[in-house]
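Each chain, written out:
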Amino acid sequence: MTALREPDLVNDVAEILISADRIQSKVAELGALVSSDYAGRSVTLVSVLKGSLPFMADLMRAITIPVRIDLMEVSSYGGTATESSGLVRILKDLSSSIDGKDVLIVEDIIDTGLTLNYLVRYLRGKNPTSLRICSLLDKPARRLVEIRIDYLGFTIPDQFVVGYGLDYGEHYRNLPFIGVLKPEVYTAL
Ligand code: IMP
């Protein structure tokens, strides 16, 4: 058996798709929009671990109205490292009730939409006053279910991306930009 090679954070990235600066100005824009849309109210941000962590951390600081945060962790199973299956398991549930709250789901990327579709149905069942979706990235080419994204950062082409929270095999999350992984990395790691 060949030993798995360590990821190379500099050389495994083929192209920087969205720079750290572009991410930060988009986050500021989204934060301002959320603050004005929910003005006079407070909003509960529900983020989905682990990929949304940097986005959540930056977005909450760009919002100027009162926020509560909660974290869920879900894993899709039955798929592969780069393909989602739509079968979702909740690894970590909400820690507080969202009954009667204005809830904004904070996601890293919407690909097939299957994970979010499951999550929306699950959270709707918990009786929030409103439920909206904010996603940093949208990869519409592979969508299998219709999803209405209320706040969107960037639409990206059908490429597997890493960085700013997004991983391949749990690595590359700490890159400050969104980059396209070299295809040969999928087979080598
Ligand atoms: P969906 O259920 O197909 O919409 O998949 C959503 C989840 O798949 C995201 O929250 C990510 O964790 C993961 N994912 C989808 N596309 C990518 C990608 O290009 N890079 C890294 N993770 C991805």
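This text follows the structure it describes.
This structure is a prediction, so every number in the text was calculated from the model and none was measured.

Participant: Give me the site of the ligand: which residues, what numbers.
Facilitator: Near the ligand there are 16 residues, and of these Asp 111, Thr 112, Gly 113, Thr 115 and Val 161 occur at the shortest range. Within the contact set of the ligand, an oxygen atom lies 2.8 Å away from a backbone nitrogen or oxygen of Gly 113. With respect to the ligand, the backbone of Val 161 contributes an N or O atom lying 2.6 Å from a nitrogen atom. Protein burial of the ligand: of its 490 Å² of free accessible surface, 85% is covered by the chains.

Participant: Give me the lowdown on the environment of Pro 157, citing residues and values where you can.
Facilitator: Secondary-structure assignment places Pro 157 in the loop between β7 (151-155) and β8 (161-162). Between the C-alpha atom of Pro 157 and that of Val 34, which follows or precedes it by 123 residues, the distance is 26 Å. Other than its neighbours up to four places away in sequence, Pro 157 contacts Leu 17 and Lys 139.

Participant: Can you tell me about the side chain of Thr 44, naming the residues and giving the values?
Facilitator: Position of Thr 44 relative to the elements: it lies in strand β2 (residues 43-49). Thr 44 gets classed as buried once you look at its relative accessible area, which sits at 6%. When residues no more than four places from it in sequence are discounted, the contact partners of Thr 44 are Arg 68, Ile 98, Lys 101, Asp 102, Val 103 and Leu 104.

Participant: Explain the packing of aromatic side chains residue by residue, including any values.
Facilitator: Going through the model one piece at a time under the given rule, you end up with 2 aromatic pairs. Taking the centre distance of 5.9 Å and the plane angle of 85 degrees together, the rings of Phe 160 and Tyr 168 count as edge-to-face. The class for Phe 160 is buried, based on a relative accessible area of 18%. Stacked on the ring of Phe 154, the Lys or Arg Lys 26 has its end atom at 5.4 Å from the ring centre.

Analysis parameters
Residues numbered from 1 in each chain as written. Predicted model: local features only at pLDDT ≥ 70, side-chain atom pairs only at ≥ 80, totals over all residues. Heavy atoms only, no water. Near = heavy atom within 4 Å. Polar contact = N/O pair within 3.5 Å; in protein donor to acceptor, adjacent residues only side chain to side chain. Areas by Shrake-Rupley, 256 points an atom, 1.4 Å probe, with all protein chains shown as cover. Helix = DSSP H or I, 4+ residues; strand = E, 2+ residues; numbered from the N terminus. Contact = heavy atoms within 4.5 Å. Buried < 20%, exposed > 50% of the residue type's maximum accessible area, 1.4 Å probe, protein only. Phe/Tyr/Trp six-rings, centres within 6.5 Å; stacked < 30°, edge-to-face > 60°. Lys NZ or Arg CZ within 6 Å of the ring centre and 35° of its normal.

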